[in-house]
Amino acid sequence: AGGSSATNATAINNALLSNSHVFCDVAGTYTVNATLNAQSNQTVRLAQGVTIKAATSMASVALFLISEVTNFQMHGGVFDGDKANNVAGTLFGVQMLNAHDVMLCGVTSQNFPSNNTTNGANGDGFYVGGFAGGSPGSTNVQIIGCRGLGNVRQGLSIVRTDNVLVLGGEYSGTTGNNPGGGIDV
């Protein structure tokens, strides 16, 4: 672990862009200053002890984005929004938009901040949905044994979706903004 947040973000995004199988087996905390982007037909495995942490300068974006992607899997890892130190105040953890045939297994998304106190977006550990304005949303999604912990708005939001399975996991410690649920459907 280590390196600057810009170096980490570039290296991880380059690995995601160039490989159908991405595996990180070196435990540590990797701070990034930019959204990490999933690709279609990809499997990501993060070993126990791997944490991807948002730089305190990140705002109004997702830490890990699964957008318009088909056939994606992610196993393990912790995504941390660092809400105690994030002065910008608005982030999603793992965000899915118009994604299809996606499985998340054993992923933790925690401490994502939001500074909007009136039903504003951001502050969700996991967000599964689509783009506004009539988009079809995400379909065929499995979220198995995941955890959304200590997020400001939601542990898990499910909107504009079809055929979503949430099996096991924990979505707790949500504090702050409305609607303020562990899971909001």
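Parameters at a glance
- Residues numbered from 1 in each chain as written.
- Predicted model: local features only at pLDDT ≥ 70, side-chain atom pairs only at ≥ 80, totals over all residues.
- Heavy atoms only, no water.
- Phe/Tyr/Trp six-rings, centres within 6.5 Å; stacked < 30°, edge-to-face > 60°.
- Helix = DSSP H or I, 4+ residues; strand = E, 2+ residues; numbered from the N terminus.
- Buried < 20%, exposed > 50% of the residue type's maximum accessible area, 1.4 Å probe, protein only.
- Pairing = 2+ DSSP bridges.
- Axes fitted to C-alpha atoms, helices over the stretch in contact; angles between N-to-C directions.
- Expected span 1.5 Å × (residues − 1).
- Arc of directions from axis to C-beta.
- Contact = heavy atoms within 4.5 Å.

**Quick word on the packing of aromatic side chains**
Next, step 1: Summed over all chains, the structure comprises four aromatic pairs.
Next, step 2: One aromatic cluster is present, built from ring pairs that chain together Phe64, Phe72 and Phe79.

**Concerning the environment of Gly28**
Next, step 1: For Gly28, the position within the fold is in strand E2 (residues 28-32).
Next, step 2: Look at Gly28 and you get buried, because its relative accessible area is 17%.
Next, step 3: Remark: the alpha-carbon pair of Gly28 and Thr51, spanning 23 residues in sequence, is separated by 6.2 Å.

**Quick look at the environment of Gly176**
Next, step 1: Assignment of secondary structure puts Gly176 in the loop between strand E17 (170-172) and strand E18 (181-184).
Next, step 2: Note: C-alpha distance between Gly176 and Gly123 (53 residues apart in sequence) is 9.0 Å.

**Observations concerning the sheet that holds E2**
Next, step 1: Spatially, six strands are ordered E2-E5-E8-E11-E14-E17 in an open sheet, and the strand pairing comes out parallel. Looking at which strands have only one partner, the edges of the open sheet turn out to be E2 and E17. The mean angle between the axes of side-by-side strands here comes to 15°, regardless of whether they run parallel or antiparallel.

**Structural notes on helix H1 (residues 5-18)**
Next, step 1: Along its 14 residues, H1 runs 20 Å from first to last C-alpha, staying within 8% of the 20 Å computed at 1.5 Å per residue.
Next, step 2: Those residues of H1 that fall on the buried side of the exposure criterion are Asn8, Ala9, Asn13 and Leu16. All buried residues of H1 fall inside an arc of 120° around its axis, so they share one side.
Next, step 3: Of the surrounding elements, those touching the buried residues of H1 are strand E1 (21-24), E2, strand E3 (36-37), strand E4 (42-46) and strand E6 (61-67).

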